[in-house]
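Inside the fold
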Amino acid sequence: MPSHTIEEPARHVPLYGEYEVAVLGGGPAGIAAAVAAARAGRRALLIERYGFLGGMGTAAGVTNFCGLHANVHGQMHRVVQGVASDLLARIDRLGGLNAPHLILGKILAQAYDTAAYKIAADDLLGTHKVEILFHALGAGVVMHDMRRIKALMVETKAGRRAVTADIFIDCSGDGDLAAWAGARYEVGDNQGSMLYPSMMFRLNNIDPDRAGEAWRTIPALMEKAQAAGTHRFPRKGAIVRPQRSQIEWRVNFTQLAREDGSAINGLEPEDLTRGEIEGRRQAVDAFNFLRTVPGFEKSYIVDLPPQLGIRETRRVIGGYMLSGEDVLGCASFDDSIGVNGWPMETHVAGDVVFKFPPIPESRGFNELPYRMLIPEAIDNLLVAGRCASMTHNGQSAARVSGACFAMGEAAGTAAALALDGNAAPRDIAVGKLQDRLKGQGAFLGRDQQVPEGL
Ligand SMILES: Cc1cc2nc3c(=O)[nH]c(=O)nc-3n(C[C@H](O)[C@H](O)[C@H](O)COP(=O)(O)OP(=O)(O)OC[C@H]3O[C@@H](n4cnc5c(N)ncnc54)[C@H](O)[C@@H]3O)c2cc1C
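Residues numbered from 1 in each chain as written. Predicted model: local features only at pLDDT ≥ 70, side-chain atom pairs only at ≥ 80, totals over all residues. Heavy atoms only, no water.

1. Focus: the overall build of the protein
Test applied: A run of DSSP states H or I qualifies as a helix once it reaches four residues; a run of E qualifies as a strand once it reaches two. Both are numbered from the N-terminal end. Throughout, the radius of gyration refers to the C-alpha atoms, and the reference size of a globule is 2.2 Å times the residue count to the power 0.38. Each residue is assigned to one of three classes by its accessible area relative to the maximum for its type, calculated with a 1.4 Å probe on protein chains only: buried under 20%, partly exposed between the two thresholds, exposed over 50%.
For the protein, the count of helices and strands is twelve helices and 22 strands. In terms of overall size, the protein behaves like a compact globule, its C-alpha atoms giving a radius of gyration of 21 Å where 454 residues would be expected to give roughly 22 Å. In terms of principal-axis extent, the alpha carbons of the protein reach across some 65 × 60 × 40 Å. Here the protein holds 454 residues, and the buried ones make up 58% of them.

Written out as structure tokens, the structure reads:
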């Protein structure tokens, strides 16, 4: 708490609208949540601070879906379907989707073009009659009482507005709404460090023939350059891979720390300011090194995204916290609402450490329990995406897009079911939710056949 404060007079805030379901945040979780609620016939509003959807996937230039697939006993399968499939098909129709590519020889990821993602997401939400409010920053809540949220307050160019809803879904990635409502949460590893953020960027004008499979050779070239003292890198494990047009490559190379070496905290404005500036500086450093790689000599930075990429901040505590052991042990849950096939991917100081379930011995995915989406002590709130109920290690895996789509679709569907039965989301019949999700094409693990194909 700062030592000096200014008292703000109470004021009457205009009502923007009354909804059945209000979703804060338009990343993978928010997109899927809003579409699922609207598909179930509910009047849904999605509120997003930027003027486009996609969350970190577009706003932080991620340009790559992880967690859509699982390595099931050595065979690759697309285990996240449902709303995600609908979105991917739209991105593909725009010519913006790469074929899946292999990561570390063990798991698939799938790159996309950010412009196509934004357009496809607008189209998907429009088709399902989701109302969207862009350029609106969620800024606080007004409660009915300790357990129920009455209104979400948003700051817009027209001033502060209030949005009321029967059920709210926090897909802000940072657990903003849940925190304002008084839900308990954890931050990072509880010892002051979080997964380190990165500033992504993309290069253009690469000679694809000369660059070849440079993603294989770049890590060794970095070690050589570092040993020779010509360059210093903020982390190992750099990812530099082609986009759909082979002259354009994405670069995931940077790591942003405070002066004391701990991770930039994505909840602190001073940290974010430092992270943005230092991120762009590191991008230039990385670019200067990459221009020494064959095929990259004439490249240039074509895009620095609107914001620094934040991997982890608040994780809201719910009825169950998905753990690293659950990920590595391919855990099952009676109340499964989807699955995660991505390994633990911890961004620690100076490095990125992957830990996979045993391959090919294991089925390669864990189930995601519905309880992850239900925060303690607030009755009309669900939380989905990277701020859902997971431990620091569990979140290092299930924070990626695939699991966020699955959680979002489950949260939106659950909100509609809760409204059908006039119940709190925590009290709905989970079997009914599971049947609805399966009917929408989702794969929940359990007794279901693993979907074929990629
Ligand atoms: C550098 C980096 C690289 C990554 N690489 C990959 C990868 O290759 N593949 C992969 O699948 N995942 C990757 N991830 C992880 C993945 O992008 C995110 O974890 C995922 O997007 C989380 O989805 P989400 O919907 O929970 O939240 P987010 O994507 O964070 O979306 C949250 C949305 O809420 C909005 N928002 C937040 N607060 C407010 C507010 N108060 N008011 C209004 N709007 C608000 C934000 O603008 C944003 O649009 C990466 C992440 C980073 C940072």
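2. Considerations on the side chain of Asn340
To keep things clear, this is the line we draw: We call two N or O atoms a polar contact when they sit within 3.5 Å, provided that within protein one can donate a hydrogen and the other can accept it, with sequence-adjacent residues counted only if both atoms are side-chain atoms.
Mapped onto the elements, Asn340 comes out in strand E18 (residues 336-340). Looking at Asn340, its side chain comes within polar contact range of the main-chain nitrogen of Trp342, at 3.0 Å.

3. Remarks on the side chain of Arg202
Which entries qualify depends on this criterion: Note on definitions: a residue-residue contact is assigned when non-hydrogen atoms from the two residues lie within 4.5 Å.
In this structure, Arg202 sits in strand E13 (residues 201-204). For Arg202, the contacting residues outside a window of four places in its chain are Thr63, Thr114, Gln243, Glu248, Trp249, Arg250, Tyr300, Ile301, Val302 and Asp303.

4. Let's talk about the packing of helix H1 (residues 28-39) against helix H4 (residues 114-127)
Inclusion rule: Note on geometry: axes are lines fitted to C-alpha atoms, helical ones only across the stretch in contact, with angles between N-to-C directions running from 0 to 180 degrees. Orientation categories follow fixed angle ranges, with anything under 35 degrees roughly parallel, anything over 145 roughly antiparallel, 65 to 115 roughly perpendicular, and all other angles oblique. Should the near helix be turned anticlockwise from the far one by less than a right angle, the crossing is termed left-handed; should it be turned clockwise, right-handed. Gly is put with the polar residues, along with every residue not named as nonpolar or charged; the nonpolar set is Ala, Val, Leu, Ile, Met, Phe, Trp, Tyr, Cys and Pro, and the charged set is Asp, Glu, Lys and Arg.
Put simply, H1 and H4 touch, their axes get as near as 10 Å, and they point 20° apart. The angle between H1 and H4 falls in the class roughly parallel. At the point where H1 passes H4, the crossing takes the left-handed sense. Between H1 and H4, the contacting residues are Pro28, Ile31 and Val35 on the first element and Tyr117, Ala121, Leu124 and Leu125 on the second. Its residues assigned to classes, the contact of H1 with H4 shows seven nonpolar, no polar and no charged.

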